[in-house]
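Below, each chain spelled out in residue letters.
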Amino acid sequence: MKIALVSFFDTNLGEELIKDCTRFLIEKAAAKKGIKTEIEIFSLFPDENRFREFFIFRRNLACTTYLIFKKFKLPEFLKPAFRFIEELTAILKWHFRQKSDAKVREYYENIAKSADVVLTSGGAVLSDFKLNLWAPFYALLCASERLKVPVYINCIGVERPSAAFSALFKNIFSKKCIKHITVRDDIKTALKFCSKKAHCKLAGDPALWSGECYGIRRSDSGTVGINVIREGIFLDNDGHLQPEDVKRAYINIINSLISRGYRVQLFTNGLWLDENFAKVILNESNLNGNPVALAPCPKNGAELAKNISSYHAIIGARMHCAIAAVSLDIPCVEVLWKPKQVHFARLINRSEWFFTQKQFLDAEFVADLMEKAILQGYDREIISRLKKLAYENLMTHLF
């Protein structure tokens, strides 16, 4: 059985964890069923350009809307209508481009032709429309539909769509090539758009299998890991923290932990913007630029999991930092900036471990919460159930 495993490649290694763990689970299920598989990995984008011209087109559309409102002083109640027009324009432009652009069409058709089944490896393709991941995802589904190749959508992230994207959701989830969908977070929203609700199920994120996938166990050096995220992430996702607020929050948390006798190490999920900010914090905090206080930048999922495995506890920011920490049984409290984190917190029955942006500014609160998490630990029965869902959905519906 030939499987085309399609993933989003990025230096933020959350998607890498999903891809590697998905492959691990496919191989585990295939071995149990005695099925010989051949897995080929494909990038969601044809090249590193990532359809930059389309990204610029969308950005210009948004700027045009903003300037129209500013120049003509239009009332706020018209914004939803303008947003609908803006989003619909982007969707229609991409729909016709992926049909007419030979290079785009050929790339996704070649993926479909290469395999008996196409499997998409999770991620934010339908949960962050600013990233434009929906565009290549849509093109892949259209190509698979034309060639009548079945598609298994695995561990997709879903957020409630706005305006014209509701129509896009409905179009995507009604495609005949889709044989099964697993959702890692907002299953209620996904079910609203699925024409065949029996084919859409909630499942644990494959990255919950990080420990088994990479053969890594918790080593617990006694150090507290602080997962650094770029300073602009909150404003970019409709939050209220200014970059200076974020820097101050990290520095105060470091100082609080050191005053309580903890060793501290900064680390990232690999994104270069996060790394650059981590170096700023390293130099401007009581860590005094000590290079040992910043973990080596991970280059792949295994290195990220290895970094995480060494900590006694973690103060997190990136969601897959928290998911890998759960896999390795390391208590992780985390600042909220995206709805997907809220869903994950509920799934593992630890909503109280995820704190608001306002609470992020209170270093003593964050340190206290981390210590409570260390004492409480995870409900391993819930985690085992989520892992089982991730595995059994693949085993039952893929083979």
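The structure under discussion appears in the preceding block.
About the thresholds
- Residues numbered from 1 in each chain as written.
- Predicted model: local features only at pLDDT ≥ 70, side-chain atom pairs only at ≥ 80, totals over all residues.
- Heavy atoms only, no water.
- Helix = DSSP H or I, 4+ residues; strand = E, 2+ residues; numbered from the N terminus.
- Contact = heavy atoms within 4.5 Å.
- 1 Å grid on protein atoms, 1.4 Å probe; cavity = no way out; pocket = protein on both sides within 12 Å on 5 of 7 lines; lining within 4 Å.
- Points joined across faces, edges and corners; volume = space filled by probe spheres on them.
- Nonpolar A, V, L, I, M, F, W, Y, C, P; charged D, E, K, R; others polar.
- Polar contact = N/O pair within 3.5 Å; in protein donor to acceptor, adjacent residues only side chain to side chain.

Visitor: It is not clear to me how the environment of Trp94 should be interpreted in this structure. Could you clarify?
Guide: Its location among the elements puts Trp94 in helix H3 (residues 79-100). Counting along the chain gives 44 residues from Trp94 to Tyr138, while the straight-line C-alpha distance between them is 9.0 Å. Ignoring anything within four residues of it in the chain, the contact list for Trp94 reads Phe51, Phe54, Val104, Trp134, Ala135, Pro136, Tyr138 and Ala139.

Visitor: Help me understand the layout of surface pockets in this model?
Guide: Over the atoms a probe the size of a water molecule is rolled, and this reveals where empty space is left. Approximately 1,200 Å³ is the volume attributed to the largest pocket. Along the walls of the largest pocket sit 38 residues, with Phe8, Asp10, Arg50, Leu131 and Arg230 positioned nearest its centre. Among the elements of the structure, helix H1 (14-33), helix H2 (52-72), helix H5 (134-147), helix H9 (233-236), helix H11 (272-284) and helix H13 (319-327) are those that each provide at least two residues to the lining of the largest pocket. Residue contributions to the lining of the largest pocket peak at 3 residues, all from H2. Looking at the lining of the largest pocket residue by residue, the class counts come to 16 nonpolar, 9 polar and 13 charged.

Visitor: What's the story with the environment of Asn307 in this structure? I'm lost.
Guide: With respect to the element layout, Asn307 can be found in helix H12 (residues 301-309). Between the C-alpha atom of Asn307 and that of Gly123, which follows or precedes it by 184 residues, the distance is 22 Å. Once you skip the residues sitting within four places of it in the chain, Asn307 turns out to touch Ala295, Pro296 and Pro298. A distance of 3.2 Å separates a polar atom in the side chain of Asn307 from the backbone oxygen of Pro296.

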